[in-house]
Amino acid sequence: MTGEWEYKLKQMEHGELERSRFMGEIVELTQKIVDRAKNFDESGFEPKPLGFNHPNGKPMVETLRNYETNDGSFTLRKVVAGRLLEPSEAKDLLEKRLIGRCKAFAARRAGPSLPR
């Protein structure tokens, strides 16, 4: 894709392609990518058993986006604050209602640091 864009940029540079046509193609491609992401269907993927249960006793499974009970009655997003929650952390969170100190969370805004 990048090579094709470079080629088209050279064509524009030499007056062989109009900018409006190139930008129209970029908009069209962007719309296709966004539509595919919005309408992504996980149905072809089998949930992976996690080997532990939710406090309600139902087995937990891992899907592409979530950790959830096998009947879908409880869902926990795998990505929290820009950080992927590991299965062991999800287990700790469900069983102990807390997890240990975590690194690599994305801050919503910069603020004062907490003392260590």
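Here is what the cut-offs are and how they apply
Counting restarts for each chain, with residues numbered from 1 along the sequence as it is written. Predicted model: local features are reported for residues with pLDDT of at least 70 only, side-chain atom pairs are reported and counted for 80 or more only, and whole-chain, interface and lining totals are derived from all residues. Computation of side-chain values covers all heavy atoms of the structure but excludes hydrogens and water. Secondary structure follows DSSP: runs of H or I at least 4 residues long count as helices, runs of E at least 2 residues long count as strands, and numbering of each begins at the N terminus. Residue count minus one, scaled by 1.5 Å, sets the expected span of a helix. The salt bridge definition used is simple: a Lys or Arg side-chain nitrogen within 4 Å of an Asp or Glu carboxyl oxygen. Exposure classes here rest on a 1.4 Å probe applied to the protein chains alone. A residue is buried below 20% of its type maximum, exposed above 50%, and partly exposed in between.

Caption draft 1: Focus on helix α1 (residues 2–13). With twelve residues, α1 should cover 16 Å at 1.5 Å per step; its first-to-last C-alpha distance of 16 Å lies within 8% of that length. Positive phi appears at Gly15, one or two residues downstream of α1, with a value of about 75°.

Caption draft 2: View of the pattern of salt bridges. Scanning all chains against the criterion turns up eight salt bridges. Where Glu4 meets Lys8, a salt bridge forms, and the shortest distance between an N and an O atom there is 3.4 Å. Of this pair, Glu4 and Lys8 both sit in helix α1, four residues apart, which is roughly one turn of the helix. We classify Lys8 as buried; its relative accessible area is 15%. Across the salt bridge formed by Glu28 and Lys32, the nearest N and O atoms sit 3.6 Å from each other. Placement of both Glu28 and Lys32 in helix α2 (residues 19–38) is noted, with a separation of four residues, approximately one turn of the helix.

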